[in-house]
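What follows is the residue order along each chain.
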Amino acid sequence: YEFINPNEKEADETEAMNNGIRPVLIDVREKDQMKQQRAFLGATVSLGEKQEAIPFLGPGAAMEYELSTAIKKLAVSEKPMVGFLQGHGEAPLNELMEASEQLSILYQTRDITLTDSTDVPSEIKTMAIIRPQDSIPASHLRILDSFLARGGRLFIAMNRVSGDLQNAYGFAVNTGLENWLQEKGLQAEDSFVTDARCGSVSVPQRMGPFTVQTNVSFPYVPVISNFADHPVTSGLEAMLLEFASPLTYTGDSTKRFTPIAFTSEKSNTLKAPQFFDIRKEWTEEDFPAQNIAVAAILEGA
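Residues numbered from 1 in each chain as written. Predicted model: local features only at pLDDT ≥ 70, side-chain atom pairs only at ≥ 80, totals over all residues. Heavy atoms only, no water.

Draft legend 1. Representation of a nonpolar patch on the surface in the model. A cluster of nonpolar side chains, contributed by Met63, Leu67 and Ile71, occupies part of the molecular surface with about 250 Å² of accessible area. Structurally, isoleucine 71 is set in helix H2 (residues 63-75). Its relative accessible area of 48% is what places isoleucine 71 among the partly exposed residues. (Patch = residues over 30% accessible without salt bridge, like charges linked within 9 Å, V, L, I, M, F, W, Y side chains within 5 Å. Areas by Shrake-Rupley, 256 points an atom, 1.4 Å probe, with all protein chains shown as cover. Salt bridge = Lys/Arg side-chain N within 4 Å of Asp/Glu carboxyl O. Helix = DSSP H or I, 4+ residues; strand = E, 2+ residues; numbered from the N terminus. Buried < 20%, exposed > 50% of the residue type's maximum accessible area, 1.4 Å probe, protein only.)

Structural data, given as structure tokens:
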């Protein structure tokens, strides 16, 4: 590695900017005076003819991740393929632009639509099932079983419950995936997680002749900030879930169940269906439970 100060030579400064590293202004104290300096706080990583720029590495940034990602981008000649299941109301890739963009650094992605006579292509080692809304035929679930049996991996983000805020009504979602998971010992309950640490919804409120929108805390939208010490959740600070369900494991010891995301110390579960009382004044008695698992990893044959 080599450190270069582009401020010393105009040619170096031009080269830095041509490589995508732009100067930033930083405050510097010299002899009891504050002044601003142009600083180049980026890096270029080169491998053979290929080059990757990291435009900015600020103080406290995840430098190890940025550097290792840049090296990986240059070093990987064949990117592994991740398949996104389609055909049952799942979220398409164009609805997941940010995730697709991040995945594209190290992976290829493609939509996969199953039929009764097809199989998951052999080049795909990981499949993602994101928000299925329609029934998944038993024949498709058998194809997923075969995929797992050959060593494939599944990432599943499912809504076991959902809600209609317009009509203040919450209901269970049944696609067949929940029964398939239950056969493997993974119970995604048809219950709503409620949490004192939560997001808010906008509610109309009359103020004289006017109607104004007021934000009201809504415990059915938990803010999850309690994570296991695991590579999957490392670095996560918080995530907001628009309706969530508890996950439990009822299988045997041949598989390993690792919860990785939990509710707060003040939470609860309510069986679907539910009518949402938007104006309800929640108290501590409404949250007798704690650390309910909402995300987990299941490993084993």
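Read on for the rest.
Draft legend 2. Representation of the nonpolar core in the model. Val120, Ile124, Met127 and Leu177 are the most contacted members of the largest nonpolar core, which has 17 residues in total. Only strand E5 (81-86), strand E7 (124-130), helix H4 (138-149) and helix H5 (177-183) provide two or more residues apiece to this core. Ranked by residue count, the leading element in this core is H4, at 4 residues. Ignoring anything within four residues of it in the chain, the contact list for isoleucine 124 reads Met81, Gly83, Arg110, Ile112, Phe147 and Arg150. Core analysis: the second largest hydrophobic core is formed by 12 residues, Ala168, Phe192, Ala272 and Phe276 among them. (Core = buried A, V, L, I, M, F, W, Y, C linked by side-chain atoms within 4.5 Å. Contact = heavy atoms within 4.5 Å.)

Draft legend 3. Structural detail: the sheet that holds strand E18 (residues 255-262). Strand order across the open sheet formed by 3 strands is E15-E18-E21, with antiparallel pairing between neighbours. Strands with a single pairing partner mark the edges of an open sheet, and in this sheet they are strand E15 (226-227) and strand E21 (293-300). In terms of strand pairing, E18 meets E21 through 7 bridges, oriented antiparallel. Residue pairing across strands places phenylalanine 262 opposite alanine 293, the latter belonging to E21. (Pairing = 2+ DSSP bridges.)

Draft legend 4. Fine view of the pattern of salt bridges. Going through the model one piece at a time under the given rule, you end up with 9 salt bridges. A salt bridge links glutamate 52 to lysine 73, with the shortest nitrogen-to-oxygen separation between them at 2.8 Å. Of this pair, glutamate 52 sits in strand E4 (residues 50-54) while lysine 73 sits in helix H2; the two residues are 21 residues apart in sequence, bridging distant segments of the chain. Notably, a salt bridge pairs lysine 184 with aspartate 145, separated by 2.7 Å at the nearest N-O pair. Taken together, the residues span a long stretch of sequence, with lysine 184 in the loop between H5 and strand E11 (186-188) and aspartate 145 in helix H4 at a distance of 39 residues.

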